[in-house]
Amino acid sequence: MAEIGKGGSAGKLAISVQKRLTRAQEKVMQKLGKADETRDAAFEEMVANFNKQMTEGSKLQKDLKAYLTAVKTMHDASRRLQDCLADMYEPDWFGKEEMDAMTEDTDTLWLDYHQNITDKSLTSLDSYLAQFPDIKARIAKRDRKMVDFDSARHHFSSLQKGKKKDEAKIAKQAALLEMAAPSWAQGLISAHQVAQTNLSFNQAEEELGRAQKIFEELNVELQDELPSLWDNRVGVYVNTFQGLAGHQEKFHGEMSKLSQNLNDIMTKLEEQRELKKGAPAATKTGEGPKSEGTNHSESATPTPKVAPRPGPPPGRPVARPAASPDARQQRADSEEDEVPDADADSAVPAVPAGTAPTTTTTQAPSWDSWSAVTNGSDGDLPPGFLYKVKAVHEYAATDGDELELKIGDDVLVLAFDNPDEQDDGWLLGVQEAHWVQNKDTSAKGVFPENFTQKV
């Protein structure tokens, strides 16, 4: 059995070697122009498109794998950066739990993005390119069978051309044999010679038919398959890049949300730091006026200082009791009494009978000395004004006798007509803009002292 197996292998090897020699001989004859070659221009164009398609697909596969490698690298870098931030983030800082959750969400998002591209884009491209090696092998086989077909065709053609010459030689040799041989043997010799010629011719014809059949089967299959494969490349490219674009859009959308959340946390952390930084300054600013008295001591004017960045609005002072209608009427009457007469330099209040007259008078501010107020200097203010303050917080008036403040407003402080009416933490004044325009104190009102800063 072993000897039979060895004999069969040796026979196949001999046949394979004989085929290669025959093909090499046929190609040499074709290149030398001594034998014609079967050509198919349409099929050659299909093969050129196939080679181009395979090259483009292989390049796309290589570049997509490089993109996935870059995504993996970015994922690793992002994870290390997020871990670094999470390790540095102190527990008492704003959003510690949100920061930890964001780190996990970012890592998961990168993993999903990489996996989706691998499963849906790269896998489909790999399946598309997996069919190219088989088709390429069949194209090469078709080329070999075409050479076999040409060789068999040329061999058969040569036998056809030499048949007449052989018949003439055989007839001449047969005539000589017939003359020498007995009459009973002449017919046998002729029949043998004719049988040998026909056998060679029939074998060549069978070999030609077999080679032609194999070649045409492969040729027909490839002519049907190659155009279809060439058209399918568009659908493969569309699916690959549509899937990639969809995954990118989803990934960047989710990543944008996480980035916005991170930005919000950082903003809140900065606000927390500013609040902690401004708390001691706000406490110091609140204690200063109390040490000076309710109306800021008038004995000395402090040197102007650069106001620190205001923190959150201070608390509203102790609620003021609502003024009764009689009190409001008395306040309005007192405001009318404060308006100076055009022909008098000062107003002297009436003195009841039996009472010693007093020298205390209430005089409205003089416009001639207003330059000391408007130019922001520390010069003397006109009579009636105590000092000037600037609003550092907004204040919305909640009562008719209150003065509404906006940040940056300059207010001229007046003395209360009746010191008993002044509540702790409240001042009386008029907007500087109103005084410049109207030159009266009819729009005066009370406002919280801790919402302003003396200038």
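Residues numbered from 1 in each chain as written. Predicted model: local features only at pLDDT ≥ 70, side-chain atom pairs only at ≥ 80, totals over all residues. Heavy atoms only, no water.

Visitor: Where do I start with unusual backbone geometry in this structure?
Guide: At Lys439, a residue that is not glycine, the phi angle is positive and equals roughly 60 degrees. Examined against the element boundaries, Lys439 turns out to sit in the loop between α8 (432-438) and β4 (445-448). Judged by relative accessible area, Lys439 falls into the partly exposed class, the value being 41%. (Helix = DSSP H or I, 4+ residues; strand = E, 2+ residues; numbered from the N terminus. Buried < 20%, exposed > 50% of the residue type's maximum accessible area, 1.4 Å probe, protein only.)

Visitor: Which parts of the structure should I look at to understand the pattern of salt bridges?
Guide: Charged atoms that come close allow side chains of opposite charge to pair. By the definition in use, this model includes 15 salt bridges. Linking Asp76 and Arg79 is a salt bridge whose minimum nitrogen-to-oxygen distance equals 2.9 Å. With Asp76 and Arg79 both in helix α2 (residues 41-88) and 3 residues apart, this pair spans about one turn of that helix. As a salt-bridge pair, Arg153 and Asp150 come within 3.1 Å of each other at their nearest N and O atoms. Of this pair, Arg153 and Asp150 both sit in helix α4 (residues 132-180), 3 residues apart, which is roughly one turn of that helix. Overall, Arg153 belongs to the partly exposed group, its relative accessible area being 23%. Several salt bridges converge on common partners, so that one network encompasses Lys72, Asp76, Arg79 and Asp107. (Salt bridge = Lys/Arg side-chain N within 4 Å of Asp/Glu carboxyl O.)

Visitor: Mind showing me how you'd approach the packing of α2 against helix α3 (residues 96-129) here?
Guide: For any two helices packed against each other, the geometry comes down to the angle between their axes and how far apart the axes lie. Between α2 and α3, the least distance of the axes is 10 Å, while the angle of their chain directions is 170 degrees. Between α2 and α3, the interaxial angle falls into the category roughly antiparallel. For the contact of α2 with α3, the per-class residue count stands at 17 nonpolar, 12 polar and 8 charged. (Axes fitted to C-alpha atoms, helices over the stretch in contact; angles between N-to-C directions. Parallel < 35°, antiparallel > 145°, perpendicular 65-115°, else oblique. Nonpolar A, V, L, I, M, F, W, Y, C, P; charged D, E, K, R; others polar.)

Visitor: Help me understand a nonpolar patch on the surface, please; the structure alone is not making it clear to me.
Guide: Among the surface-exposed residues, Leu13, Val17 and Leu21 lie close enough to one another that they form a single nonpolar patch of about 290 Å² accessible area. You can see Leu13 is positioned in helix α1 (residues 2-31). Taking relative accessible area as the criterion, Leu13 reaches 56% and is therefore assigned exposed. (Patch = residues over 30% accessible without salt bridge, like charges linked within 9 Å, V, L, I, M, F, W, Y side chains within 5 Å. Areas by Shrake-Rupley, 256 points an atom, 1.4 Å probe, with all protein chains shown as cover.)

Visitor: Help me out: how do you make sense of the sheet that holds strand β1 (residues 385-391) in this one?
Guide: Strand pairing within a sheet occurs via backbone hydrogen bonds; the two strands may be parallel or antiparallel. Here we have 5 strands laid out as an open sheet, ordered β4-β3-β2-β1-β5, and antiparallel in their pairing. Of all the strands in the sheet, the pair left with one neighbour each is β4 and β5 (452-454). Adjacent strand axes in the sheet meet at a mean angle of 50 degrees, parallel and antiparallel pairs treated alike. In this structure, β1 lies alongside β5, joined through 3 bridges in antiparallel fashion. Its bridge partner lying in β5, Ala391 is registered against Thr452. (Pairing = 2+ DSSP bridges.)

Visitor: Would you take a moment to explain the nonpolar core for this structure?
Guide: General note: in soluble globular proteins, nonpolar side chains tend to be found buried as a group. Counting 32 residues, the largest nonpolar core has Phe50, Leu125, Tyr128, Phe132, Ile135, Ile139 and Leu226 as the members making the most contacts within it. If you list the elements that add at least two residues to this core, you get α2, α3, α4 and α5 (183-292). Contacts of Ile135, omitting those with residues within four sequence positions, involve Phe50, Leu222, Glu225, Leu226 and Leu229. Core analysis: the next-biggest nonpolar cluster, separate from the first, contains 20 residues, Val389, Ala391, Leu403 and Leu405 among them. (Core = buried A, V, L, I, M, F, W, Y, C linked by side-chain atoms within 4.5 Å. Contact = heavy atoms within 4.5 Å.)

Visitor: Looking at this model, I keep getting lost on the environment of Ala101. Mind explaining?
Guide: Take Ala101: it is sitting in helix α3. Sequence separation between Ala101 and Ala86 is 15 residues, and the spatial gap between their C-alpha atoms is 9.8 Å.

Visitor: Would you mind going over α2 with me for this structure?
Guide: The end-to-end C-alpha distance of α2, which contains 48 residues, comes to 71 Å, matching closely the 70 Å that a straight helix rising 1.5 Å per residue would cover. The opening residue of α2 is Asp40, an N-cap whose side-chain oxygen sits 3.4 Å from the backbone nitrogen of Ala42. (Expected span 1.5 Å × (residues − 1). Polar contact = N/O pair within 3.5 Å; in protein donor to acceptor, adjacent residues only side chain to side chain.)

Visitor: It is not clear to me how the pairing of β4 should be interpreted in this structure. Could you clarify?
Guide: Looking down a regular strand, the side chains alternate between one sheet face and the other. Neither face of β4 is open: one carries Gly445 and Phe447, the other Val446 and Pro448, and all of them are buried. Relative to β4, strand β3 (residues 426-431) is paired through 4 bridges, and the arrangement is antiparallel. Bridged to Leu427 within β4 is Phe447.

Visitor: What am I meant to see in α3 here?
Guide: One turn of an α-helix holds 3.6 residues; hence residues three or four places apart share an orientation. In this model α3 runs 49 Å from its N-terminal to its C-terminal C-alpha over 34 residues, within 8% of the 50 Å that 1.5 Å per residue would give. For α3, the principal kink sits at Leu122 and spans about 30 degrees. (Bend = angle between axes of the 7 residues up to and from the residue.)

Visitor: Got a minute to help me understand the environment of Leu226 in this structure?
Guide: Looking at the element boundaries, Leu226 is found in helix α5. We classify Leu226 as buried; its relative accessible area is 4%.

Visitor: I keep staring at the packing of aromatic side chains and nothing clicks. Help me out?
Guide: Remark: the centre distance and the inter-plane angle together describe each pair of aromatic rings, the angle taken between the planes. One pass over the full model with this rule turns up 8 aromatic pairs. An angle of 75 degrees between the planes, with centres 5.5 Å apart, marks the rings of Tyr395 and Phe451 as edge-to-face. Of this pair, Tyr395 sits in the loop between β1 and β2 (410-414) while Phe451 sits in the loop between β4 and β5, and the two are 56 residues apart along the sequence. The class for Tyr395 is buried, based on a relative accessible area of 5%. What makes Phe451 buried here is its relative accessible area of 5%. The structure contains a cluster of three or more aromatic residues connected by ring pairs, namely Phe50, Tyr128 and Phe132. Taking NZ or CZ as reference, Arg233 lies 3.7 Å from the ring centre of Trp230, over its face. (Phe/Tyr/Trp six-rings, centres within 6.5 Å; stacked < 30°, edge-to-face > 60°. Lys NZ or Arg CZ within 6 Å of the ring centre and 35° of its normal.)

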